[in-house]
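So the chains spell out like this:
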Amino acid sequence: MSGQAWWQRGVVYQIYPRSFADSNGDGVGDLRGILERVGYLAELGVDAVWISPIYPSPMADFGYDVSNYTDIHPLFGSLDDLRELVHRVHALGMKLILDFVPNHTSNEHPWFLEAKSSRTNEKRQFYLWQDAKPDGSPPNNWLSVFGGSAWTWDETTGQYYYHAFLPEQPDLNWRHPEVRRQMYAAMRFWLELGVDGFRVDVLWHLIKDAEWRDNPPNPDYRAGEPPYTTLLPAYSTDQPEVFEIVREMRRVVEEYDGRVLIGEIYLPISRLVSYYGAAGDGAHLPFNFQLIVLPWRASDIAAAVSEYEAALPPGAWPNWVLGNHDQARIATRIGLRQARVAAMLLLTLRGTPTLYYGDELGLRDVPILPEQYQDPQGKNIGLSRDPARTPMQWSAAHNAGFTTGRPWLPVADDYEHVNVERELADPDSMLSLYRRLIALRRSEPAFVAGHYRPIVAGGDIVAYTREHDGRRWLVALNLGGQPAELSLSALGAGGEIVVGTSRQRQGQRVAEQLALAGDDGVIVRLD
Ligand code: GLC
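Residues numbered from 1 in each chain as written. Predicted model: local features only at pLDDT ≥ 70, side-chain atom pairs only at ≥ 80, totals over all residues. Heavy atoms only, no water.

Draft legend 1. Structural view of unusual backbone geometry. In this model, M59 sits at a positive phi of 70 degrees, which is unusual for a non-glycine residue. Here M59 lies in the loop between β2 (48–51) and α3 (79–91). You will see that A400, though not glycine, has its phi angle at about 60 degrees, which is positive. With a relative accessible area of 0%, A400 lands in the buried category. (Helix = DSSP H or I, 4+ residues; strand = E, 2+ residues; numbered from the N terminus. Buried < 20%, exposed > 50% of the residue type's maximum accessible area, 1.4 Å probe, protein only.)

Following this line, the structure appears as C-alpha cells:
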C-alpha cells in the first residue's frame, strides 16, 4: 500500500473535544484528557484524529466562533498541551487534524470589534456590510442556517452585516486580499507547529454573490423542515469564485510535506466533486455525507455509491462519513443492529472513512430537555445537536469515567453497559466489531487500494467486491430486517466469511447461495 498517502490508507476519527475526556474536573473535555486517551485510539486502529475547534472562543457555537486563530482556549489547555498531543499522536503512528473555521469569526474577534467601531475603520471591509433597503429592511432575503434573517443591524454604524450562522458569527469577506493573507498565515502557524492538516468548516460558504441577489424559493420545501431550507442558497453558497480560494488553501497546505485538506461541504454529488479542483488542485477530501443524508435503503445507498464512483474526477480519492457533531448518531438514525451493518459498509467501501467518536461503541442520541439545550441551533429552531454530543463513555465509573465534575451535557443512562471497558471485554460488542473491521482494512490492501465492483442484488441487499493483486473479497449487507439471499453464481467462487456483523458467522464457508439473516452483514474472502 506504499503508493497511497496516509490520508488515503487511513481511518479518520473525529473528536468533539468538549465531550471526549475531561482531565481537570470542570465538566468539559480538554487536550490533556485526549492525551490520556490516545492509546485507546491507537489500539482502535485509527490513523488520524480530527479535533473540532479548540481555539479561544466565546462559545456562542461551541468553538465554531473563533476569537483568535492562533491560540488554544484555556478551557482546552495550552499551546504546549497541543504540542505534546501532536508529539504523542505522531509517536503512536497517527496524525492530528485541526478544524479550521475560515467562513466567519466570533463577533468578539478583534477584527470584528474594530470593523464595527466605524465605517472607516481599516478592518471594516474584512466583513460583509450592506445598507438597509429604503424601508429599513435587510439588503436581501438570505436566511441564517440557525433561523431568521442572515443580516443583523448595527446601530452604531447604520449598516447590516451578514452572518450565515449566528449574529455572533459574522462572515468574513473572502474577496478581501488581506483576509486571505491573514487566514493563510493562521494555517501556516499550525502547520509549522506540526499538525497534519485541516478539516475546513463550511468550505462551500466562503464566497457570496457579488451582487447580493435574492435567493429563490425552494420548490421542494416541506413544512416542518428547517426554515433555512425554504430558500435555495443559490447566491449565498457554492459560488464559482470559491474554487480560487480552495486552490490557495491547497497550496498553503502543500508548502509542507504530507498534509491534508478536508472540506466540509453539504452539496449533491455532482456539485461536491468539483471541490476536488479542476486539476486535482482543490481539497484532498471534500467530505462525502451521502451516508448521512440519504434514507437508509439499499436502493438509495447502492445508487449513491455508483453515482459517486462515476462522478469522481480522474485521480480524485473518495471518502465516506457516517456521523458528525451536527447530525443524529447513526445508531439512532437506523437502529443498533443496522449500525453494525453501516460500520461494515463504511470500512469496506473504496475511500477514506471518517468515524465520529462514540459511534464505535454504538452510542445513541441522549434525550435532552429543551430547557437544558446548550446548542444555539436547538435554542433557536428546536433542532438541537446536543443529543449527539454527550460525553464519551469510558467505563461504568461515575459519569462514565468522562469527568470527576459535572458534565456539560448529561451522560447517557446506559453508560454502565455501553462503555469502552465493557465493550473491550465483549467479543460481540460494537467496539469489538469496529476493531475487527479496522484491523482487516489495515491488513488487506484490497480494502484500500482494491477495485470496487457493485453486484446488482436487489431487495434490501447491498453487495460489492473489492479486489487487489488477485485477492478478491465480497461484502454483502442486508439493510433490511428480513432474511435475504444473494446468489454467488456470477462470482464463480465461494469463500469463507472473515468478518460478520454477527461473530457466529465468522469462519463459515459459503458456496452458491449466501444466506443473510435480517440486519446481517458479512465479508467473504473469495477462493
Ligand atoms: C459547521 C460545523 C457546525 C457549525 C457551523 C458553523 O457546519 O460543523 O458545527 O455550527 O459550521 O460554524
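There's more to say after this.
Draft legend 2. Just the site of the ligand, in detail. Around the ligand lies a shell of 14 residues, among which D61, H104, D201, E264 and D326 are the nearest. R199 places a polar side-chain atom, nitrogen or oxygen, 3.0 Å from an oxygen atom of the ligand. At a separation of 2.8 Å, an oxygen atom of the ligand approaches a polar side-chain atom of D201. For the ligand, whose unbound accessible area comes to 300 Å², protein coverage reaches 96%. (Near = heavy atom within 4 Å. Polar contact = N/O pair within 3.5 Å; in protein donor to acceptor, adjacent residues only side chain to side chain. Areas by Shrake-Rupley, 256 points an atom, 1.4 Å probe, with all protein chains shown as cover.)

Draft legend 3. Molecular detail of helix α5 (residues 177–193). The end-to-end C-alpha distance of α5 is 25 Å, a good match for the 24 Å that 17 residues give at a rise of 1.5 Å each. Listing the buried residues of α5 in full gives V179, R180, M183, Y184, A186, M187, W190, L191 and L193. Structurally, α5 contributes buried residues whose contacts are with α3, β3 (95–100), α4 (110–115), β7 (197–200), α6 (242–254) and β8 (260–263). Where α5 terminates, the next one or two residues include G194, which has phi positive at roughly 115 degrees. (Expected span 1.5 Å × (residues − 1). Contact = heavy atoms within 4.5 Å.)

Draft legend 4. Quick look at the nonpolar core. Core analysis: the largest hydrophobic core is formed by 158 residues, its most contacted members being Y13 and L82. The element contributing the most residues to this core is α5, with 8 residues. Judged by nonpolar contacts, the second largest core, of 15 residues, contains A484, L486, L491 and I497. (Core = buried A, V, L, I, M, F, W, Y, C linked by side-chain atoms within 4.5 Å.)

Draft legend 5. The packing of aromatic side chains, seen in detail. Taken as a whole, this structure holds 33 aromatic pairs when the rule is applied. Here the aromatic rings of Y40 and W394 are separated by 5.1 Å at their centres, their planes lie at 85 degrees, and the arrangement is edge-to-face. Residue Y40 is found in helix α2 (residues 31–44), and its partner W394 is found in the loop between α12 (376–381) and α13 (420–424); the two are separated by 354 residues along the sequence. Each member of the aromatic cluster is reached from another via a ring pair, and the members are Y13, F20, Y40, Y356, Y357 and W394. For R18, the ring lying beneath its charged end belongs to W408, and the centroid distance is 4.2 Å. (Phe/Tyr/Trp six-rings, centres within 6.5 Å; stacked < 30°, edge-to-face > 60°. Lys NZ or Arg CZ within 6 Å of the ring centre and 35° of its normal.)

Draft legend 6. Quick look at the sheet that holds strand β14 (residues 471–478). Pairing in this open sheet of 6 strands is antiparallel, and the strands run β12-β13-β14-β19-β16-β17 from one edge to the other. The open sheet is flanked by β12 (451–455) and β17 (509–510), the only strands paired with a single partner. Relative to strand β13 (residues 461–468), β12 is paired through 5 bridges, and the arrangement is antiparallel. The residue bridging R453 from the neighbouring strand is T465, located in β13. Where helix α11 (residues 336–346) meets the sheet, its contacts fall on β13, β14, β16 (495–500) and β19 (521–526), and the angle it forms with β14 comes to roughly 155 degrees. (Pairing = 2+ DSSP bridges. Axes fitted to C-alpha atoms, helices over the stretch in contact; angles between N-to-C directions.)

Draft legend 7. Region of interest: the domain arrangement of the protein chain. Domains assigned within the protein chain are domain 1 (6–105 + 177–438), domain 2 (110–162) and domain 3 (452–526). The straight-line distance from the C-alpha centre of domain 1 to that of domain 3 is 30 Å. Residue-level contacts link 21 residues of domain 1 with 25 residues of domain 3. At the surface where domain 1 touches domain 3, the tally comes to 2 salt bridges. (Domains from an automatic or database assignment. Salt bridge = Lys/Arg side-chain N within 4 Å of Asp/Glu carboxyl O.)

Draft legend 8. Quick look at the side chain of H163. Secondary-structure assignment places H163 in the loop between β6 (159–162) and α5. Assessed through its relative accessible area of 1%, H163 is described here as buried. Among the polar contacts made by the side chain of H163, one reaches the main-chain carbonyl oxygen of L166 at a distance of 3.5 Å. Dropping the residues within four chain positions of it, H163 is found in contact with S144, S149, A150, W151, T152, Q169, P170 and D171.

Draft legend 9. Fine view of the pattern of salt bridges. A full pass over the atoms with the stated rule returns 34 salt bridges. Salt bridges here are not isolated pairs; linked through shared partners, they connect D61, D326, D375, R385 and R389.

Draft legend 10. Focus on the packing of α3 against α5. Contact pair α3 / α5: the axes reach a minimum separation of 10 Å and the direction vectors enclose 55 degrees. Considering the angle they form, α3 stands oblique to α5. Of the residues in α5, those touching α3 at L79, L82, R83 and V86 are F189, W190 and L193. Looking at the contact of α3 with α5, its residues break down into 6 nonpolar, no polar and 1 charged. (Parallel < 35°, antiparallel > 145°, perpendicular 65-115°, else oblique. Nonpolar A, V, L, I, M, F, W, Y, C, P; charged D, E, K, R; others polar.)

Draft legend 11. The sheet that holds β8, seen in detail. Spatial ordering of the open sheet is given by β9-β8-β7-β3-β2-β1-β11-β10, a layout of 8 strands whose pairing is parallel. On the outer flanks of this sheet lie β9 (285–286) and β10 (319–321), each paired with one strand and no other. As paired strands, β8 and β9 are joined by 2 bridges and run parallel to one another. Residue pairing across strands places G263 opposite P286, the latter belonging to β9. Of the strands in this sheet, β2 and β3 are in contact with α3, which crosses β3 at around 140 degrees.

Draft legend 12. Spotlight on the pairing of β14. Counting buried positions along β14 yields 6 of 8 residues, so the element is predominantly enclosed. For β13 and β14, the ladder comprises 8 bridges, and the chain directions are antiparallel. Across the sheet, I461 pairs through a bridge with N478, a residue of β14. Connecting β13 to the antiparallel partner β14 that follows it, the hairpin turn spans 2 residues, and D469 within it adopts a positive phi of roughly 50 degrees.

Draft legend 13. Highlighting the environment of V293. If you trace the backbone, V293 turns up in helix α8 (residues 290–293). Taking relative accessible area as the criterion, V293 reaches 49% and is therefore assigned partly exposed.

Draft legend 14. Spotlight on the environment of H417. Mapped onto the secondary structure, H417 falls in the loop between α12 and α13. Separated by 22 residues in sequence, H417 and S395 have C-alpha atoms that sit 8.4 Å apart.

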